[in-house]
Amino acid sequence: MINASTRITKSLLAIHGWSAVFLGLLLYAVILTGTLAVFEHELGVWANPPVQASDRPLPEGIGARLKILADSVDPAYLDEVGVFPAADGRLMAFFHTHIDAEPGREAFEDGTLILLEPSTLDEVDRVTGPADEVFRHFGNNALSNFLLDLHIRLLLPGQWGLWATGLLGFAMLVAAVSGFVIHKHLLKDIFTLRRRRADVLAARDAHVIAGSWSLPFAFVLAFTGAFFSFGGAIGLPMLAAIAFGGDVETALEVLQPEVGEDASPAALADLDGILASAAARTGGEPQNVFINHWGRADALVTVRMSAEEGGLLPGAVLYKGASGEFFKTLPNLGNEPSFGGDLAGLMSPLHFGNFAGTPSKVVWFALGFASAYVALTGMVLWTRRRESEPGWERLARATAWLGYGLPASLAAVAAGYFLMIDGIAGLGNTLLFLFLGGLFLTALLSFSASSTDVANRLLLRLTGAIMLVLPLLRWQVADGPGWLTALSSGLGWVVVMDISMILGALACLAYHRRQDAPVWVSDASVDDDLTVAERVADAA
Amino acid sequence: MAEMMESASRRSGWWRAMLAGPLVFLCSVAVMGALAVVIPPGPALINNVAVPLVLFPGAWGLLFFYACLELKLLRAYAVVVGLLLTNGGLIAWHFIQTAQAAT
């Protein structure tokens, strides 16, 4: 409990509430999509699984296969080769070169992207062009990519999206800190749920309980989110100019390990042997591999590893490409272990929750869901109090629309994906149009309904109905594997996600029944001991 | 009289919003840049980049709450503008030194 003065508490209550009013709806969208994106890879596998799952990110024999593929691409693209698993578990091999910036044009990577089946290493398809085009060419990861775009950039172009989500991350940080300071009865708030009392009190208590339990998590998410968005948009370019006297590319060149330039031709050593050596040396699992200057005497192989047992940060092992000789190990960031590298490296596992596999992801998902619930119920509680006033009525409708229309639109995007996907063929902007169409339709439903309660019930029912048919669409329309085939192919996540969708759908359909007879009571008559939510509402 | 007080309060609200919003953001960016000048790069050459980047949201939050909660608005402006000029000056000095060293 923090004993702030009445004046400070009042100011913080106002900051807490108004930051939510101005940015709450967008923040809710970012938190909800971020929560789903925790399972980005699992969603990718569910949406468009490979024929057979691989037991490791870089399957055995990938080195020999890459050598064959290297002979089939433009030799200029052997300048740098990256091999990594995509969200759906298929492998991506990107043979490319770096094109320098020119007046009026930024630097970019140009190359050939080859998609491989993970179990057989058969080539699925390939495409050549600039990196930002080739990585959007295939449709297999379109659903995961759409979700990530919405979470990271709110679908805004260029740096605008990063600025927007950075600002939202900061708003969440402000709300978390002010929310913590205004807690007069933190322990009481955490354990108070008056379900037998009026619905309005139960709703407030649920908001405060979810907010209290997820407060530290919200702080961590907001801090790391603001770090990623603003770090990419302004921090790195500015600091690269100050510390390295150039742009981010210059900084990366300075930080590149020195092997000594030697352009004379030399065959690449046994790549499979290098991967096995890296695994034996660190005790981790190779996650992806990069080869610089393939076919030259100064070739360098960088194997990025999973974190060691009990460790939080992954590292990398470097080998000289021509001889296969071990060169050095690298920490997660930088050439040498450093405080700054470890500090910045921690941001990633803390934000994505992927440091302990599925268990940590489940915890991050649950806490993320609680945070989205807090953002939405906070807005609902705030606006319902003022629903009778003209301006607030619209905000109350908008809150109900986005709160319940966003999940419905996201479910519609998934349904549209299954209806339109043909193998791995690209979908262009189809998912974007589907999403915008979904938002438009749900807005029509929401604003034309006789009350927000009716609109909410309708949208929840719609979300539940769409989610319920998703497994069927995936299986029958998109030609996905059935449960038995999926289980026998090592694609257990397909079954887990199907069941999650069905349970989520049933929860949506069941939830509306609980809302059938809401009991709204006078605030003054129910409780003298104000909770945080009540004091936040009073401050406005 | 009441109208005058309300108008003055609204004006002061706008001044505080300008301070806590754009000015504090600019100041936090300047603090991040200046930290890159004063923090040694370390053996990995990245401490002066990574540490300011991580500290940026914290510095922004601290300055934001200070700008919102400081009773004397003029003092809050003095502190934030002073920090902005000091840190901005440090960054400018660094660029001048680098340019001179290059020539």
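Residues numbered from 1 in each chain as written. Chains lettered and ligands numbered in written order. Predicted model: local features only at pLDDT ≥ 70, side-chain atom pairs only at ≥ 80, totals over all residues.

### Things to note about unusual backbone geometry
Residues and elements named next belong to chain A.
- Positioned with a positive phi, L154 is a non-glycine residue whose angle comes to about 50°.
- Within the secondary structure, L154 is located in the loop between α5 (142-153) and α6 (158-181).
- Unlike most non-glycine residues, D479 shows phi in positive territory, near 55°. (Helix = DSSP H or I, 4+ residues; strand = E, 2+ residues; numbered from the N terminus.)

### What to know about the confidence of the model for chain B
- Looking at chain B, the pLDDT average stands at 89 and 89% of residues meet or exceed 70.
- Scored as a complex, the prediction yields pTM 0.85 and ipTM 0.86. (pLDDT = per-residue confidence, 0-100.)

### Digging into the sheet that holds strand β7 (residues 316-320) of chain A
All names here are of chain A.
- Across the sheet, eight strands lie side by side as β4-β3-β2-β1-β5-β6-β7-β8; this open sheet has antiparallel pairing. Bordering the open sheet on either side are β4 (123-130) and β8 (326-330), each of which pairs with just one other strand. Averaged over neighbouring strand pairs, the angle between their axes works out to 15° when direction is ignored.
- Where β7 and β8 come together, four bridges link them in antiparallel fashion. Residue pairing in the sheet places V317 in a bridge with T329 of β8.
- Here helix α3 (residues 62-70) sits on the sheet in contact with β1 (80-85), β2 (91-99) and β3 (108-116), set at roughly 45° to β2.
- Across the face of the sheet, helix α11 (residues 271-282) comes into contact with β5 (286-292), β6 (300-305), β7 and β8 while running at roughly 45° to β6. (Pairing = 2+ DSSP bridges. Axes fitted to C-alpha atoms, helices over the stretch in contact; angles between N-to-C directions. Contact = placed C-beta atoms within 7 Å.)

### Some points on the pairing of β5 of chain A
All names here are of chain A.
- Here β1 pairs with β5 via four bridges, running antiparallel. Counterpart to G82 in the pairing with β5 is F290.
- When β5 meets β6, the two strands line up antiparallel, connected through six bridges. From the neighbouring strand, N288 faces β6, where its bridge partner is R304.

### Overview of the confidence of the model for chain A
All names here are of chain A.
- Taken over all residues, the pLDDT of chain A has a mean of 85, while the share at 70 or more is 87%.
- Counted against residues more than four places away or in other chains, residues 515-533, with its pLDDT under 50, gives 29 contacts.
- Under a pLDDT of 50 for its full length, residues 536-540 has, in the predicted model, 12 contacts with residues more than four places off or in other chains.

### Topic: the interface of chain B and chain A
- Of the residues lining the interface, 29 residues belong to chain B; the matching set on chain A comes to 32 residues.
- Mapped onto the side of chain B that touches chain A, the elements with two or more residues apiece are α1 (2-38), α2 (47-69) and α3 (73-102) of chain B.
- Broken down by element, the side of chain B that touches chain A gets its largest block of residues, 15 residues, from α2 of chain B.
- Broken down by class, the residue content of the side of chain B that touches chain A amounts to 22 nonpolar, seven polar and no charged. (Nonpolar A, V, L, I, M, F, W, Y, C, P; charged D, E, K, R; others polar.)

### As for the environment of V494 of chain A
Residues and elements named next belong to chain A.
- By secondary structure assignment, the location of V494 is in helix α18 (residues 492-514).
- Expressed as a C-alpha distance, the spacing of V494 and V51, which sit 443 residues apart in the sequence, is 12 Å.
- Those residues in contact with V494 that sit more than four places away from it in its chain are V45, W46, P49, P481 and A486.

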